[in-house]
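Notes for the structure review
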Amino acid sequence: MAARFSRYVAIGDSFTEGLMDFAADSEHTDPGDGFRGWADRLAEQLVTSPAGSPDLAYANLAIRGRLADQVLTEQLPRALELAPDLVSIVAGGNDCLRPYTDIDALAGEIESAVVRLREAGVEVLMATGYDTETASPLLRAVRSRVAIFNSHLWTIAQRHGCHMLDLWGLRDLYSSEMWADDRIHLSALGHELVSRQALATLEGTAATRRGFAMPERPGRPVRQAVAEETTWVRTHLAPWVSRRLRGVSSGDGLEPKLPTLTRVRGADGQDPGQD
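From a predicted model like this one, the values you see are computed outputs, not experimental measurements. (Residues numbered from 1 in each chain as written. Predicted model: local features only at pLDDT ≥ 70, side-chain atom pairs only at ≥ 80, totals over all residues. Heavy atoms only, no water.)

**Description of the sheet that holds strand S3 (residues 86-90)**
Selection rule: At least two bridges found by DSSP between two strands is the condition for calling them paired. Counting from the N terminus, the helices are the DSSP runs of H or I reaching at least four residues and the strands are the DSSP runs of E reaching at least two. Note on geometry: axes are lines fitted to C-alpha atoms, helical ones only across the stretch in contact, with angles between N-to-C directions running from 0 to 180 degrees.
Within the open sheet, the 6 strands sit side by side as S5-S4-S3-S1-S2-S6. Their pairing is mixed. Looking at the sheet topology across the chains shown, the edges are occupied by strand S5 (163-165) and strand S6 (258-263). Across the sheet, the mean angle from the axis of one strand to that of its neighbour is 15°, orientation sign disregarded. With 3 bridges joining them, strand S2 (residues 57-60) and S6 adopt antiparallel strand pairing.

The following block contains the structure:
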């Protein structure tokens, strides 16, 4: 069984902040405001897991739109100050979307961060990038770059004894209901699936899966497809492109939703330390 974790800090970008997993739509809200997400859900599950602790304290420093160097310069030092025994570090997805990013150098930055954490005695949970094979053309174009980055991440995890959450191989994640309307972020169902897989990874109970076929998606009449794609471009793609051209980020001016370690209630909403 994995080590018993009592102080968990999550760092990263919108994936770890939990975008599109609206806390108000969930039966149990996280200690912060706004979005919930896989890391918050994982913290709840660790309260009753043999890998966690009933007294688990949790902080989430992730902010949407952050590039890897921002995560590592802004969030990593703060995470170390909180003296955690577990840190999840998922960064680099936004970098892979930029054609000028040096993927090898990006992996080197991630490895340096992992070394700092491991030297401080912290267990590290990493995650691979998504497989974009069935995504929009914009994301599908970066599939090979993500694959190279993932290869580096697996090497880093192997070198330094990290836990690896394999999102690329988690084929159930690619069903349409696992994704939000923007097709970039996970839905509440997707965040829940990832949190369960993360917990199994930490517990050492993740099931072995075979095959890489994507889940089938229902076909659409041409007129419906054109209308839906036009709406998606106007609602989601155009604002993203506009921000890139203006050199701004969706996370500009935002602070972490849970910047300090906070006692976590279990997934049933109850405090396990009380009868």
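Having seen the model, we can carry on.
**What about unusual backbone geometry?**
Glycine aside, residues mostly have negative phi, and peptide bonds are mostly found in the trans state. For clarity, the cut-off: Only protein chains enter the accessibility calculation, which uses a 1.4 Å probe; a residue is then buried when its area is under 20% of its type maximum, exposed when over 50%, and partly exposed in between.
If you check the backbone angles, Met 20 has positive phi at about 80° while not being a glycine. Relative to the helices and strands, Met 20 resides in the loop between helix H1 (14-17) and helix H2 (38-46). The phi dihedral of Ala 83 falls on the positive side, at around 50°, and the residue is not glycine. Residue Ala 83 is classed as partly exposed on the basis of its relative accessible area of 46%.

**Digging into the side chain of His 191**
How we decide: Polar contact is defined as a pair of N or O atoms within 3.5 Å, subject to the rule that within protein one atom must be able to donate a hydrogen and the other to accept it, and that residues adjacent in sequence are counted only when both atoms are side-chain atoms.
Counting through the fold element by element, His 191 comes out in helix H8 (residues 188-203). For His 191, a relative accessible area of 1% corresponds to the buried category. Polar side-chain contacts of His 191 include one of 3.2 Å to the backbone oxygen of Leu 19.

**Re the pairing of S2**
Burial of S2 is two-sided: the residues Ala 57 and Ala 59 facing one way and the residues Tyr 58 and Asn 60 facing the other way are all buried. Note: strand S1 (residues 7-12) against S2, 4 bridges, orientation parallel. In the strand pairing of S2, Tyr 8 is matched with Tyr 58.

**A short note on the packing of helix H3 (residues 68-81) against helix H5 (residues 103-119)**
For the record, the criterion: Any angle between 65 and 115 degrees counts as roughly perpendicular, while under 35 counts as roughly parallel, over 145 as roughly antiparallel, and the rest as oblique. Contact between two residues is taken to exist if any of their heavy atoms lie within 4.5 Å; hydrogens are not considered.
Viewed as axis vectors pointing N to C, H3 and H5 meet at an angle of 5°, and their least axial separation amounts to 11 Å. With respect to H5, the element H3 is oriented roughly parallel. Contacts from Ala 68, Asp 69, Leu 72, Leu 76 and Leu 80 in H3 reach Leu 106, Glu 109, Ile 110, Ala 113, Arg 116 and Leu 117 in H5.

**Considering the pattern of salt bridges**
When their charged atoms lie close together, side chains carrying opposite charge are able to pair. Quick note on the threshold: Each reported salt bridge corresponds to a side-chain nitrogen of Lys or Arg within 4 Å of a carboxyl oxygen of Asp or Glu.
A complete count under the given rule lists 14 salt bridges for this structure. Its salt-bridge partner being Glu 123, residue Arg 118 comes within 3.8 Å of it at the nearest N-O pair. Judged by its relative accessible area of 26%, Arg 118 falls in the partly exposed class. Its relative accessible area of 22% is what places Glu 123 among the partly exposed residues.

**Looking at the packing of aromatic side chains**
For the record, the criterion: Centre distance within 6.5 Å is the pairing criterion for rings of Phe, Tyr and Trp, where only the six-membered ring of Trp is used; planes under 30 degrees apart are then read as stacked, over 60 as edge-to-face, and the remainder as tilted.
Within this structure, the stated rule accounts for 6 aromatic pairs. Geometrically, the ring pair formed by Phe 15 and Trp 38 is stacked, given 5.4 Å between the ring centres and 25° between the ring planes. Here the residue Phe 15 occupies a position in helix H1, and Trp 38 occupies one in helix H2, the gap between them amounting to 23 residues. Trp 38 matches Phe 15 in its accessibility class, with the two residues each being buried. A ring pair is formed by Tyr 130 and Trp 179, whose centres lie 4.9 Å apart and whose planes are at 80°; its orientation type is edge-to-face. Taken together, the residues span a long stretch of sequence, with Tyr 130 in the loop between strand S4 (123-127) and helix H6 (137-140) and Trp 179 in the loop between S5 and H8 at a distance of 49 residues. Among the aromatic residues, those joined into a cluster by ring pairs are Phe 15, Trp 38, Tyr 130, Tyr 174 and Trp 179.

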